[in-house]
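Residue strings, one per chain:
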Amino acid sequence: MENILKAAGLKKYYGKGDTMVKALDGVDLEIERGKFTAIIGTSGSGKSTLLNMLGGLDTPTEGSVKIGGTELATLNNEQATIFRRKQIGFIFQNYNLVPVLTVWENIVFPISLDGQKPDKKFIMKVAGMLGLEEKLDSLPNNLSGGQQQRVAIARALASKPSIILADEPTGNLDSKTSDDVIGLLKMTSQEFHQTIVMITHNPEIAQMADRIIRIEDGRIAT
Amino acid sequence: MGEMLKTLTRRSFAAGRVRNLIAVLAITLTAVLFTSITTIGIGTEESMTLTMQMQKGSKSDGDFRNMTAKQFEMLKEADFIELAGLRMPVNFLSNTNRHNIEFDVLDDVQAELTFCSPTHGKAPVAYNEIVASEQALRELGALPEVGAEVTIEFTAHNREYRLPMVVSGWYESTSDQLSMMWAGIAFRDAHPDIFQFTYDQDRDMAGTYCSDIIAVTASGLSKKMEQEAIHMGGNPHDMEAENYIAATVNFVTNMPLEPEIAVMAALLALLFVFCCYLLIYNVFDIAVMQEIRRYGLYRTIGMSKRQVRKLINRQAVWLSGIGIPIGLFIGFFIGRAALPVIMASLSEEYANVAADVSPSPVIFLGAALLTAITVFLSTRKPVRVAANISPIEAFRYVENSSGKRRERKSSLGADISRLALSNLGRNKRRTVFIIISLTLCVVLLNCVGTAAGSLDIEKQVAFKIRTDFAVTSAASMNGMKGFVHREDALDEQVIGTVSAQPGVKDGSPIYKNTVEDTDVTYEWEHLVLDEGIVDKDSGLNIRFDENYMYFGTGDDRRPICNVYGMEESVVARMDLREGETDAHALYEKMAQGKGVMVGVDVNRVDMSINADLDMADVGEIITVYKDGKPERELPVLAKAAVNGDDQEIGITCNGPLEVGGNGLYLYLPTNIYKELYEEPVIYKYAFNVEESQRENVTAFLEDYVNNVNPEVNYLSSQTAREDAEKTRKTINFVGGLVGMIFGFAGVLNLINTMVTTILIRRHEFATMQSIGMTRKQLTRMMIFESVYYALGASFLGVVSAALLGVTIIRNMLGSMWQYTFHFTLAPAVCVSVILLIVSAVVPVAALWLFHKGSIVEQLRVAE
Ligand SMILES: Nc1ncnc2c1ncn2[C@@H]1O[C@H](COP(=O)(O)OP(=O)(O)O)[C@@H](O)[C@H]1O
Ligand SMILES: [Mg+2]
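Residues numbered from 1 in each chain as written. Chains lettered and ligands numbered in written order. Predicted model: local features only at pLDDT ≥ 70, side-chain atom pairs only at ≥ 80, totals over all residues. Heavy atoms only, no water.

1. A look at the confidence of the model for chain B
Interpretation of the predicted coordinates at a detailed level should be avoided for regions scoring low in pLDDT. All names here are of chain B. Counting all residues, the mean pLDDT for chain B is 83, and 91% of those residues have values of 70 or more. Scored below 50 in pLDDT, residues 348–352 shows 11 contacts in the model against residues more than four places distant or in partner chains. Predicted confidence for residues 400–404 stays below pLDDT 50, and this span has 13 contacts to residues more than four positions away or in other chains. On the interface metric, ipTM, the complex scores 0.77, and its pTM is 0.68. (pLDDT = per-residue confidence, 0-100. Contact = heavy atoms within 4.5 Å.)

2. Examining the nonpolar core
Core analysis: the largest hydrophobic core is formed by 69 residues, its most contacted members being Phe109 of chain A together with Leu419, Phe742, Met773 and Met781 of chain B. No other element matches helix H25 (residues 717–760) of chain B, which puts 11 residues into this core. Both domains that meet at this core, namely domain 1 (1–58 + 263–397) and domain 3 (405–456 + 718–863) of chain B, each give it at least three residues. Look past the residues within four positions of Met781 of chain B in its chain and what remains in contact with it is Ile416, Leu419, Ala420, Asn423, Arg761, Phe765, Met768 and Met773 of chain B. (Core = buried A, V, L, I, M, F, W, Y, C linked by side-chain atoms within 4.5 Å. Buried < 20%, exposed > 50% of the residue type's maximum accessible area, 1.4 Å probe, protein only. Helix = DSSP H or I, 4+ residues; strand = E, 2+ residues; numbered from the N terminus. Domains from an automatic or database assignment.)

3. Some details on a positive patch on the surface
Residue and element names in this part refer to chain B. A surface patch of like charges, here positive, comprises Lys305, Arg306, Arg309, Lys310, Arg384 and Arg429. No other element matches the 4 residues that helix H11 (residues 305–346) contributes to the positive patch. Tracing the backbone through its elements, the reader meets Arg429 in helix H15 (residues 428–454). (Patch = residues over 30% accessible without salt bridge, like charges linked within 9 Å, V, L, I, M, F, W, Y side chains within 5 Å. Areas by Shrake-Rupley, 256 points an atom, 1.4 Å probe, with all protein chains shown as cover. Salt bridge = Lys/Arg side-chain N within 4 Å of Asp/Glu carboxyl O. Lys, Arg positive; Asp, Glu negative; His and termini not counted. Charge placed at Lys NZ, Arg CZ, Asp CG, Glu CD.)

4. Some thoughts on the pattern of salt bridges
Tallied over the full model, the rule gives 35 salt bridges over all chains. Salt-bridge contacts for Lys160 of chain A lead to Asp119 of chain A; the nearest nitrogen and oxygen are separated by 3.1 Å. On the criterion of sequence distance, the pair formed by Lys160 of chain A in the loop between helix H5 (145–158) and strand S7 (163–167) and Asp119 of chain A in the loop between helix H3 (103–113) and helix H4 (120–129) is long-range, its members being 41 residues apart. With a relative accessible area of 34%, Asp119 of chain A lands in the partly exposed category. For Glu102 of chain B, the salt bridge is made with Arg87 of chain B, and the minimal N-O distance between the two is 3.1 Å. Within this pair, whereas Glu102 of chain B is found in strand S4 (residues 100–106), its partner Arg87 of chain B is found in strand S3 (residues 87–92), the two being separated by 15 residues in sequence. Given a relative accessible area of 18%, Glu102 of chain B falls into the buried group.

5. Here's the deal with the site of ligand 1
Neighbouring ligand 1 are 13 residues, the closest being Gly44, Gly46, Lys47, Ser48 and Thr49 of chain A. Taking Gly44 of chain A, its main chain carries an N or O atom lying 2.7 Å from an oxygen atom of ligand 1. Lys47 of chain A places a polar main-chain atom, nitrogen or oxygen, 2.9 Å from an oxygen atom of ligand 1. For ligand 1, whose accessible area on its own is 560 Å², the fraction buried by protein is 73%. Within the residue set of the shell around ligand 1, elements represented by two or more residues are strand S2 (21–32) and helix H1 (47–54) of chain A together with helix H29 (855–862) of chain B. The element best represented in the shell around ligand 1 is H1 of chain A, accounting for 3 residues. Tallied by class, residues from the shell around ligand 1 come to 3 nonpolar, 7 polar and 3 charged. (Near = heavy atom within 4 Å. Polar contact = N/O pair within 3.5 Å; in protein donor to acceptor, adjacent residues only side chain to side chain. Nonpolar A, V, L, I, M, F, W, Y, C, P; charged D, E, K, R; others polar.)

6. Re the packing of aromatic side chains
Evaluation of the coordinates by the stated rule reveals 26 aromatic pairs over all chains. A centroid spacing of 5.6 Å and a plane angle of 80° characterise the contact between Phe332 of chain B and Phe333 of chain B, whose relative ring orientation is edge-to-face. What makes Phe332 of chain B buried here is its relative accessible area of 5%. An aromatic cluster is present here, built from Phe103, Phe154, Tyr161, Phe187 and Phe195 of chain B joined pairwise through their rings. Over the face of the ring belonging to Phe122 of chain A we find Lys160 of chain A, whose NZ or CZ atom lies 4.9 Å from the ring centre. A cation over a ring is seen here: Arg380 of chain B above Phe376 of chain B, with NZ or CZ 4.1 Å from the ring centre. (Phe/Tyr/Trp six-rings, centres within 6.5 Å; stacked < 30°, edge-to-face > 60°. Lys NZ or Arg CZ within 6 Å of the ring centre and 35° of its normal.)

7. Some words on the sheet that holds strand S10 (residues 219–221) of chain A
Two orientations exist for strands paired in a sheet by backbone hydrogen bonds: parallel and antiparallel. All names here are of chain A. Strand order in this open sheet of 6 strands is S6-S7-S8-S3-S9-S10, and the pairing throughout is mixed. The sheet terminates laterally at strand S6 (88–91) and S10, the two strands that pair on one side only. Neighbour-to-neighbour, the strand axes of this sheet turn through a mean angle of 25°, independent of strand direction. Inspection of the sheet shows S6 paired to S7 by 4 bridges, in the parallel sense. Its bridge partner being in S7, Ile91 is matched across the sheet by Ala166. Running at roughly 170° to S6, H5 makes contact with S6 and S7 of the sheet. Contacts from helix H6 (residues 175–191) reach strand S3 (36–41), S6, S7 and strand S8 (195–199), with the element oriented near 160° to S8. (Pairing = 2+ DSSP bridges. Axes fitted to C-alpha atoms, helices over the stretch in contact; angles between N-to-C directions.)

8. Examining the pairing of strand S22 (residues 621–626) of chain B
Residue and element names in this part refer to chain B. S22 sits mainly inside the fold: 5 of its 6 residues count as buried. Pairing of S22 with strand S23 (residues 629–642) involves 6 bridges; the strand directions are antiparallel. Following the sheet pairing, Lys626 is matched in S23 by Lys629.

9. Description of unusual backbone geometry
Phi at Lys160 of chain A takes a positive value of approximately 50°, unusual for a residue other than glycine. A relative accessible area of 47% means that Lys160 of chain A is categorised as partly exposed. Of note in the backbone geometry, Cys561 of chain B takes a positive phi value of approximately 60° without being a glycine. Here Cys561 of chain B shows up in the loop between strand S17 (550–553) and strand S18 (562–566).

10. Observations regarding the side chain of Gln110 of chain B
All names here are of chain B. In this structure, Gln110 sits in helix H4 (residues 108–113). Accessibility expressed as a relative area gives 0% for Gln110, which makes it buried. Contact partners of Gln110, with chain neighbours within four places excluded, come to Gly85, Leu86, Arg87, Ser211 and Asp212.

11. Section: the sheet that holds strand S4 (residues 62–67) of chain A
Residues and elements named next belong to chain A. In space, the 4 strands of this open sheet follow the order S2-S1-S4-S5, with antiparallel pairing throughout. Of all the strands in the sheet, just S2 and strand S5 (70–71) have a single pairing partner and so form its edges. In the sheet, S4 pairs with S5 via 2 bridges, with the strands oriented antiparallel. The residue bridging Lys66 from the neighbouring strand is Glu71, located in S5.

12. Considering the environment of Val362 of chain B
Residue and element names in this part refer to chain B. Counting through the fold element by element, Val362 comes out in helix H12 (residues 361–388). According to the relative accessible area criterion, Val362 is exposed, its value standing at 56%. When the C-alpha positions of Val362 and Thr39 are compared, they lie 9.4 Å apart, and in sequence the two are 323 residues distant.

Okay, structure coming up:
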């Protein structure tokens, strides 16, 4: 199988001198296309930092990230953003929806930013799978946490990215709801042949993954 | 807990640097506004009072006269008096010609109060030392130098004195006609014969004690002074009484406030308070909103509402503590810099204006108080919101008032400009406030622009003078005097000198009757007059008709009217409205004695003939009487609308009002005028000048009236125009200043909102960026948001400016004759364009300054 994501010698240091934090300290990682990878580790071990590097939200102190053959370091800020919105869908712990946009508008937002027409049929299908058909005209404030996270998932899927990066997407949800959400995420990604990298604290969820990576003190523990 | 609150305030204060900076700026701006406005207001008032005091010759609160030495000692003890000067009048000097010199003994307090303290040299000490004005010294043939010797001559108690004196100091007088020369107490002691008190017997002022006083408080002063006069054994009421003591309040110093001015000032103050309210409200509203989670937290852990309120109030006090003093300081200097510009435009009415303002505590206390009140008012609502927030709500709090609507029609895409528009709706009140404050700036500046543009300078010039130049006696040009007596006449010699100047053309002398010409009188139909009263100054018998029009009357008790003798060229320049309107034909007929032209005062606003004063119709016969006998009959051939130049000169028409009163204005050819009047005198010489020579003639006249012949004065269309331009300058300056301050407040509001938006929505922005919004798109969205405010304000501003323009402004300007209303929206459009540009720049700068670092960092910061 082809490796869609490749990180080599990734290092991320914050601060200087005595107060320097080595959030990532030499990570090598390869992720296969279409696989579901779970990242686990204690709090502060560098999981989020890794995910952000992989998604190009932040630049590493050292090392390289390659997505589908593109070396992220060669892209400037603007290019990285455009690359990201085409290739990567992000899901965050606290949903991060735009409060003044309706559910529908939130879902199609990244596509509109790209100046594209949303694929209405596809998005309706995603919304249907996530149980959001009834809520498309609602504003995020009027939705429950689970519903909001489902909107965030729909948003991540809407532009048909090849990779979905999720940082504790169920951290704010009860266990029943988190199971539902993860189930849906897994189902849709299989349907659309997407690669998922997900950080989680939940062992049950980690068990559903094809592969589990444990991070300890900024390094991959084996 | 009190200690804790203080610590908390201090820490929160330190935490919100940008926010505090903006809050301090807002409060400073408010203080600047109030201080500069009060400085200008009080400064104008002070300067005008000082100017009038200088004209009156005293800045005291009042004065006592004709006291004995004993009475003066009693006066000094009176408890309502703070300062009492001493003046012992001697007499006017007799060895003077043109400049009158009063010679008195003064003490330093009195000299200071009556503007004759030496500005060079010292006050007199030795018995033969004097202080006098520069003009007085020159009049006596001496130079203004310390140590110069002069001889003074005067009469006291019927004895003539001739004394050699030495100048110990001198000062610049404000009056060309009269000034004070004074000696010290030593002079009195050296000449006891001059200072015998004989006022009760022969009314000789020499030997009396006079005193200008400064009172502890101005309230009830006139009563107190009267009682004091009685208490010291004088009689303040009966001028004929032996023990008469004059005790009068100086009304120039203690002028009552006019109600219209008070109302205007109050309205303006209210507008300013409102504008600043909008600004400060937003600053605190935003600050509270940013901290709302923290207040929620405090509430969860047991802080009471009162304590939350106290916390924010304390921050407001601290911020005011920084902002107000800075604002007071800056505002005072702005105000003081503005003052001379404003005073210059008032100088037409008040000659020799003094423009200065002292940093009085009233200004600072007033401005500080107004600012504090504004801060207090504008923080009420934000404080309440913070105190009343329930902890749970605080944590869920996302600024989104449209959340009340559960649903909204989704658009197909989410385009950036629409997104920006929805963002405005997040806080309607704030949006409205920002738009209003920007709108105010647009509207205000448009009103100012309309007023300045509507100022009809040519109309004013045309009203004041019809020729390029006119020369009159100084009295005619003086708004307080006017051409009244034969002695105010213009010397033929002056006309000769002036008309000999190169370039002078169309020159014509204009004759006019005076209060001395009581032998020639007039009678016409429908004239019914009452018994009348005698005017003390002119000695004329003034009689009234049934409409309370008054007429100066002559020896035979018929009106003497205002009668002019002029040449054809002057008639040709006048505004003939009825009857024979061809000037040449009219003049021919009049010159043959076939009739007369009457002039009627106009309503300056629309230049229509004033119906109340229109007393004789064309065709009516006017009978001329000489020495009580009918001399001839003159039918009214034409009627003219007369302006300031036709009546006297400029806008002064004091002379005609003193002479003929409301009686007819009659215009006759020179030959007829000379037939009627025994001693015809000229009051004005009007002439044009070749364009190329105007500057030279102006320079000549300027020198002539200042240095050669101060009895003469001149007016030119050029100076009339400059005077009118001064008004425009003031309007532009003051209006521009106020408009700018409003604009600045509006822009500060906008900056504050933009900066806060960026700080507060950091997380949202980071999210949008993480899901693919480029920085360019983010910037575009913020520009849209900001420009929407400006667009809203521009639209509202232009519309309200247009509405205000055609209603209130038109009415207001329409009622003032100096203006001819011209509708314009150019200033509003200009300001709008500037606002739009600024509004586009602000978010770019704000993003650049406050939205730094990687997306990840911003996501972290927000959490
Ligand atoms: N922007 C930053 N500045 C400074 N330190 C950071 C920053 N981001 C992360 N860190 C530090 O890096 C370490 C790893 O953080 P993170 O990747 O967020 O951990 P995790 O997601 O595994 O809980 C932590 O010690 C954290 O404090
Ligand atoms: Mg994390």
